[in-house]
Amino acid sequence: MPYLAKILLYPVKSLDGVEVEKARIIASGALQHDREFAIVDDQGRFVNGKRHAKIHLLRAQFALLNRTISLQIPGCDLQKIFHLDQERQALEATLSDFFEFAVTLKQNSLMGFPDDTFSPGPTVISTATLAEVASWFPGLSVDEMRRRMRANIEIDGVPAFWEDRLFSEQSNLVSFQVGDVQFFGVNPCQRCIVPTRDSYLGKAYPNFQKIFATQRQATLPNWVASSPFNHFYRLSVNTQLPPSSAGKILQLGDEVEILPQQN
């Protein structure tokens, strides 16, 4: 039986994640605290892994209940701890010093800052998929691949690429349930430059995207809907959640079930 094996939140977009045992769905369909904050420059552009590889060098830990972030700055022996609401200016100053240009921290508690604002629900992947994809790259562990892919929900008890059942031909949503929370699977997530880099050091893995796309195409199950694949640098599933899911809780161990499709 497919079940929910991991829940990962990323309180500040592009920084380290935090593993939790349960997570609440907010009105937009996103997970509470996921990508709630984003670092932006003075032109309002995201300071993220796509544009600034240096961000991989920052280590962050979060105490969600206390609303604090602990930053480990390269070359600094001590962690710096900030309250996300009460000490934001000090946090912004520390981040500005690190990046060597002025940044601020934006907050959106209603939806967060997902890459796909059309499908702001949790991204879904299976544990077996992460293991399979890691095997394509000698020297990369499953945990490192997990850090590179940055999915929110991990399903176990299933074979690799099981989550490809959670999308269909374009414009057709797939309904599935995790515990008592209903989801709609939309499409396979288009990956960016971030997975090509070491999640701790920012160093690129040679030919990562080419190897990935070649292997993804070669291992794509024959039952997978092909129309969403305009290219094969796609992994994990983007989702939407109906308004009825707001306020519900996802919990580790929840069973996952694909629901009958309605015509």
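Residue positions are given per chain, counting from 1 as you read along its sequence in written order. In keeping with the predicted nature of the model, local features appear solely for residues at pLDDT of at least 70, side-chain atom pairs appear and are counted solely at 80 or more, and the whole-chain, interface and lining totals rest on all residues. Hydrogens are left out, water is left out, and the side-chain values use all remaining heavy atoms of the structure.

**Some words on the overall build of the chain**
Assigned secondary structure in the chain consists of four helices and 15 strands. For 263 residues, the compact-globule estimate of 2.2 N^0.38 gives 18 Å, and the chain sits close to it at 18 Å. For the chain, the spread of C-alpha atoms along the three principal axes comes to 55 × 45 × 30 Å. Buried means the residue's accessible area, taken with a 1.4 Å probe over protein chains only, is under 20% of the maximum for its type, while exposed means over 50%, and partly exposed covers the values in between. In the chain, buried positions account for 51% of the 263 residues. The contacts of the chain with a sequence gap of at least 6 include a subset with a gap of at least 24, amounting to 71%. Secondary structure elements are taken from DSSP: a helix is a run of H or I of four residues or more, a strand is a run of E of two residues or more, and numbering for both begins at the N terminus. Here the radius of gyration uses the C-alpha set of atoms, whereas the globule reference equals 2.2 Å times the residue count to the power 0.38. Should any heavy atoms of two residues lie within 4.5 Å, those residues are considered in contact.

**With respect to the packing of aromatic side chains**
Working definition: rings of Phe, Tyr and Trp (its six-membered ring) pair if their centres are within 6.5 Å, and the pair is stacked with planes under 30 degrees apart, edge-to-face with planes over 60 apart, and tilted otherwise. As enumerated under the stated definition, the model contains 13 aromatic pairs in all. Geometrically, the ring pair formed by Phe176 and Phe183 is stacked, given 5.0 Å between the ring centres and 20 degrees between the ring planes. Phe183 shares its class with Phe176; the two are buried. By the ring-pair criterion, three or more aromatic residues cluster together here, those being Trp136, Phe137, Phe161, Tyr205, Phe208, Phe212 and Tyr233. A ring is scored as having a charge over it whenever the NZ atom of a lysine or the CZ atom of an arginine sits within 6 Å of its centre and within 35 degrees of its normal. Looking at Lys54, its charged tip hangs above the ring of Phe98, at a distance of 4.7 Å from the centre. In this structure, Arg165 is placed above the aromatic ring of Trp223, and the distance from its NZ or CZ to the ring centre is 4.1 Å.

**With respect to the pairing of strand S12 (residues 181-190)**
Each pair of strands is called paired provided DSSP finds at least two bridges between the two strands. Bridge count for strand S11 (residues 174-178) against S12 is five bridges, and the pairing is antiparallel. Among the inter-strand pairings, Val174 is bridged to a residue of S12, identified as Gly185. Where S11 folds back onto S12 in an antiparallel hairpin, the turn is made up of two residues, including Gly179, whose phi is positive at roughly 60 degrees. Direction of pairing for S12 relative to strand S13 (residues 234-240): antiparallel, over a ladder of five bridges. If you follow Pro188 over to S13, its bridge partner there is Val237.

**Examining the state of the cysteines**
Only a pair of cysteine sulfur atoms within 2.5 Å qualifies as a disulfide here. According to the stated counting rule, one finds zero disulfides in the structure shown. Of the cysteine sulfurs around Cys192, a residue in no disulfide, the closest is that of Cys189, at 8.1 Å. Cys192 gets classed as partly exposed once you look at its relative accessible area, which sits at 24%.

**Focus on the side chain of Asp164**
By the element assignment, Asp164 lies in the loop between strand S10 (153-156) and S11. According to the relative accessible area criterion, Asp164 is buried, its value standing at 1%. Throughout this description, a polar contact denotes any pair of N or O atoms lying within 3.5 Å of each other; where both atoms belong to protein, one of them has to be capable of donating a hydrogen while the other can accept it, and for residues adjacent in sequence the pair is counted only when both atoms sit in side chains. Among the polar contacts made by the side chain of Asp164, one reaches the side chain of Arg216 at a distance of 3.0 Å. In this structure, Asp164 is in contact with Arg216, Leu220, Pro221, Trp223 and Val224, ignoring residues within four places of it in sequence.

**What about the sheet that holds strand S5 (residues 59-63)?**
Taken together, three strands build an open sheet; the order of strands is S5-S6-S7 and the sheet is antiparallel. Of all the strands in the sheet, the pair left with one neighbour each is S5 and strand S7 (80-83). The sheet shows a mean angle of 20 degrees between the axes of neighbouring strands, taken without regard to direction. Pairing analysis gives four bridges linking strand S6 (residues 68-72) to S7, with the strands arranged antiparallel. Directly across from Ser70, in S7, lies its bridge partner Ile81. Each axis is a line fitted through C-alpha atoms, taken for helices only over the stretch in contact, and angles between the N-to-C directions span 0 to 180 degrees.

**Describing the pattern of salt bridges**
By convention in these notes, a salt bridge is any Lys or Arg side-chain nitrogen within 4 Å of a carboxyl oxygen on Asp or Glu. Under the defined criterion, the tally for this structure stands at 16 salt bridges. The partner of Glu36 in a salt bridge is Arg67, with the nearest N and O atoms 3.2 Å apart. Of the two residues, Glu36 sits in the loop between strand S3 (22-24) and strand S4 (37-41) while Arg67 sits in the loop between S5 and S6, which places them 31 residues apart along the sequence. Where Asp164 meets Arg216, a salt bridge forms, and the shortest distance between an N and an O atom there is 3.0 Å. Of this pair, Asp164 sits in the loop between S10 and S11 while Arg216 sits in helix H4 (residues 208-219); the two residues are 52 residues apart in sequence, bridging distant segments of the chain. Overall, the relative accessible area of 0% leaves Arg216 in the buried class. Overlapping salt bridges, with partners in common, bring together Glu36, Arg67, Asp85 and Arg88 in one network.

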